[in-house]
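# Residue-level structural notes
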2 protein chains.
Amino acid sequence: MTDQSRVPPNLQAVADAAGVHRSTASRALNPATRHLVAGDVAGRIVETARRLGYRRDALAASLRTGRSRLVGVIVPDIANPVFGPILRGIERALAACGYSALLVNAGQGEADQMRLVEELMERRVDGLILATARRNDPVLGACLAAGTPTVLVNRADEGQRASAVVSDDRAGMVLAVRHLASLGHTRIGHLAGPQDLSTGALRRAGFVDAVRELGIGIEDAWVTASAYTREAGEIATSELLARHDVTAIAAANDLLALGAYRACAARGLVCPRDMSIVGHNDMPLVDMVEPPLTTIRISHLRMGEEAARLLVREIEAPDSEPERIVTEPELVLRASTAEPRSL
Amino acid sequence: MTDQSRVPPNLQAVADAAGVHRSTASRALNPATRHLVAGDVAGRIVETARRLGYRRDALAASLRTGRSRLVGVIVPDIANPVFGPILRGIERALAACGYSALLVNAGQGEADQMRLVEELMERRVDGLILATARRNDPVLGACLAAGTPTVLVNRADEGQRASAVVSDDRAGMVLAVRHLASLGHTRIGHLAGPQDLSTGALRRAGFVDAVRELGIGIEDAWVTASAYTREAGEIATSELLARHDVTAIAAANDLLALGAYRACAARGLVCPRDMSIVGHNDMPLVDMVEPPLTTIRISHLRMGEEAARLLVREIEAPDSEPERIVTEPELVLRASTAEPRSL
DNA sequence: TGACATCATGCAATCGATTGCAGAAGATCA
DNA sequence: TGATCTTCTGCAATCGATTGCATGATGTCA
């Protein structure tokens, strides 16, 4: 029968009810310090706390200890399906360590993001996870300058300033191009993502590498999309097709690939008969589009988990060196790629 | 030139540097109480704070004021694409009011969820948004019993115990069935969602209503899927087709509809020629599947925003009555529905 | 029995900001 | 000039838990 009085009991109330000092109650209630209290007394205190419905005030504890067990997570767009699994991974791994995630959606500009970081700092977050990093990100610089443990996820910065968990973007694109080459394609184009993001830059680099390595095609057969959206993909594809005579397209992102579907359809090109297309990310539902999209799978869930674990480690061992965890991407074969028609 | 000393300055430090008492500094730095301080003094304090790089400690302020400006948000699965827009709406509206979202992913069982709520309460959240509500949810009961302002989103409970922001699920399904009827279908089946969720129950009720109202078809031509997944949709569709001779299916959810695509394909039925299918939710990318899915659009973003606004109102006016906001769903016509073949 | 180690508990300072109350200084009016 | 009011600032208690230090109790061994 828990007491339903108006004001919730505090530590003092529990201590009084158990006939001990609040410091003893504090020790008995914290698993890490329970051994300092005699077994029977500890038992009595725990029981009393349960009976009174005592709930420890995490705010007060944080104030005293200086650790909030809160982690700020900044994503560019929560509504974007690729961030769902990342967030779930982060949340799960944080929860396992007793931390909680303070989620914020990044604003448009840099000033906006600075303000967000500032607000998170006011809440005394123990660390930050940024999924928003650009290659040379002043926001990241500010976080590091403030001495807050910070980990990047999905996108890395240019230097090795902070720890990061990313997919091997370069290798992923090599996988895609090799696959197309193995089908017999020699004229392959690339839809590049924004070049101020590590994903955009590295995947393009991977494309150039692969084309050079295989000794095929045209290294400069690429067009940069203005954003990772279907619309931008459609526009960029039109431009690519206008400039180069390609039989296959390796896109830096699934949405760009879907934009390419549209642009091809508009020109009467049938995928994969007239044009092979490879995406990147393996977003939910791309196996259901027509044709089902061949793409590069990235383990977003695991990336989120690793990022959270890395951050917790940095929080608890503040002077550790920045680390970079790179996960291996994987080719997922579906129906949007085939041998070129001329074969 | 902000001071880069090791320990961050506190209010006392600002007060000392400005030659005033900390209480005066507190008042000058808080916009709501600034008018209590003489203009020139306030200006000097603000300037000093800026110069020292002062950052208010939200933890300490919360402890003193009893308000954390933190809201707990519990979703069943962050990785599910429908929750992305809801979360963004919540986050945006909360931020506009100076609140932050503490995001947690619901565990499996009820006990798990209780523990999550307990942890959020320890952090002294000012309120809760639940996207996990079942029709008669004991977790919700616990939140209300604890006196924490709570708002449900997307799914409502059975009674009117708490405020909720939901789509008009019943009307949405009526829209779907009327659309099928208007094409000439008279034998329509329903893939129902889990019946312990308001969405599942109300959409089924809407199906029965519509069938009855139109005087067509068979009121009991429905099968309940075990979960809102493609797999469950596929299994339920097989069962439905085995039991009823229907020419159209109205699904309680887009994923169920995509499961129906599979089940139909497996039986050699071509959609929409042999079978019309309507989804529900208008998830991202369902316009790109083959055939593009006709579905019922729900404004998840707006639902999230409204839920957050409602919660903030309840936090700031604690004795307000539970309110229910119902948004209007909308039919999105694509290519998965057509006249029945026999016409 | 006395010296000393060990264990359990209490004491009180501390984290950093907020706010009701009181009092000082200055303004207003008769 | 004195009474009264207004405006501004300082004082100190408070929110609730944690923890270094001190002290008292108990046990051990010579």
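For the structure, check the block above.
First things first, this report covers the structure right here in the doc. (Residues numbered from 1 in each chain as written. Chains lettered and ligands numbered in written order. Predicted model: local features only at pLDDT ≥ 70, side-chain atom pairs only at ≥ 80, totals over all residues. Heavy atoms only, no water.)

## So, the protein's contact with DNA strand C
As a matter of local geometry, DNA strand C sits amid 27 residues, with A:T24, A:V41, B:L11, B:Y54 and B:R64 nearest to it. Sugar plus phosphate, as a fraction of atoms of DNA strand C within 4 Å of the protein: 59%. Contacts to DNA strand C include A:R22, whose side-chain N or O atom sits 3.4 Å from a base nitrogen. B:Y54 is positioned with one of its side-chain polar atoms (N or O) 2.5 Å from a phosphate oxygen of DNA strand C. Counting residues per element, the ones that place at least two in the surface near DNA strand C are α2 (22–29) and α4 (58–65) of chain A together with α2 (22–29) and α4 (58–65) of chain B. Looking at which element gives the most residues to the surface near DNA strand C, the answer is α4(B), with five residues. Within the surface near DNA strand C, the residues separate by chemical class into 11 nonpolar, eight polar and eight charged. (Near = heavy atom within 4 Å. Polar contact = N/O pair within 3.5 Å; in protein donor to acceptor, adjacent residues only side chain to side chain. Helix = DSSP H or I, 4+ residues; strand = E, 2+ residues; numbered from the N terminus. Nonpolar A, V, L, I, M, F, W, Y, C, P; charged D, E, K, R; others polar.)

## Comments concerning the interface of chain B and chain A
Tallying the contact residues gives 45 residues for chain B and 45 residues for chain A. In total, chain B and chain A occlude about 4500 Å² of area from one another, counting both sides; carbon and sulfur atoms represent 59% of this. Ranking the residues of chain B by area buried against chain A places B:R55, B:R123 and B:M288 at the top, with a combined share of 17%. Across the contact surface, chain B and chain A share 12 salt bridges. Where chain B touches chain A, the interface holds 20 residue pairs in polar contact (both at pLDDT 80 or more). Elements supplying a minimum of two residues to the side of chain B that touches chain A: α4, α5 (83–96), β2 (100–105), α6 (110–122) and α11 (254–266) of chain B. Among the elements that take part in the side of chain B that touches chain A, β2(B) stands out by supplying six residues, more than any other. By residue class, the composition of the side of chain B that touches chain A is 24 nonpolar, six polar and 15 charged. (Contact = heavy atoms within 4.5 Å. Buried area = accessible area lost by both parts, 1.4 Å probe. Salt bridge = Lys/Arg side-chain N within 4 Å of Asp/Glu carboxyl O.)

## A closer look at the nonpolar core
One finds A:V73, A:I277, B:V73 and B:I277 to be the most contacted residues of the largest nonpolar core, which totals 114 residues. Of all hydrophobic cores here, the second largest spans 42 residues; its members include B:M121, B:L128, B:A162 and B:A164. (Core = buried A, V, L, I, M, F, W, Y, C linked by side-chain atoms within 4.5 Å. Buried < 20%, exposed > 50% of the residue type's maximum accessible area, 1.4 Å probe, protein only.)

## A closer look at the side chain of A:E305
Relative to the helices and strands, A:E305 resides in helix α12 (residues 300–316). Residues contacting A:E305, with those up to four places away along its chain left out, are A:G89, A:I90, A:R92 and A:A93.

## Examining the relation of the copies chain B and chain A
Of the two same-sequence chains, chain B is brought onto chain A (RMSD 0.1 Å, axial shift 0.1 Å) by a rotation of 180 degrees. The two molecules are tied by a two-fold rotation axis, judged by turn and shift. If distances are taken from each C-alpha of chain B to the rotation axis, the shortest is found for B:V289, at 1.9 Å. Interface residue correspondence from chain B to chain A reaches 100%, placing this contact among same-surface, isologous pairings. (Least-squares fit on C-alpha atoms with pLDDT ≥ 70 in both.)

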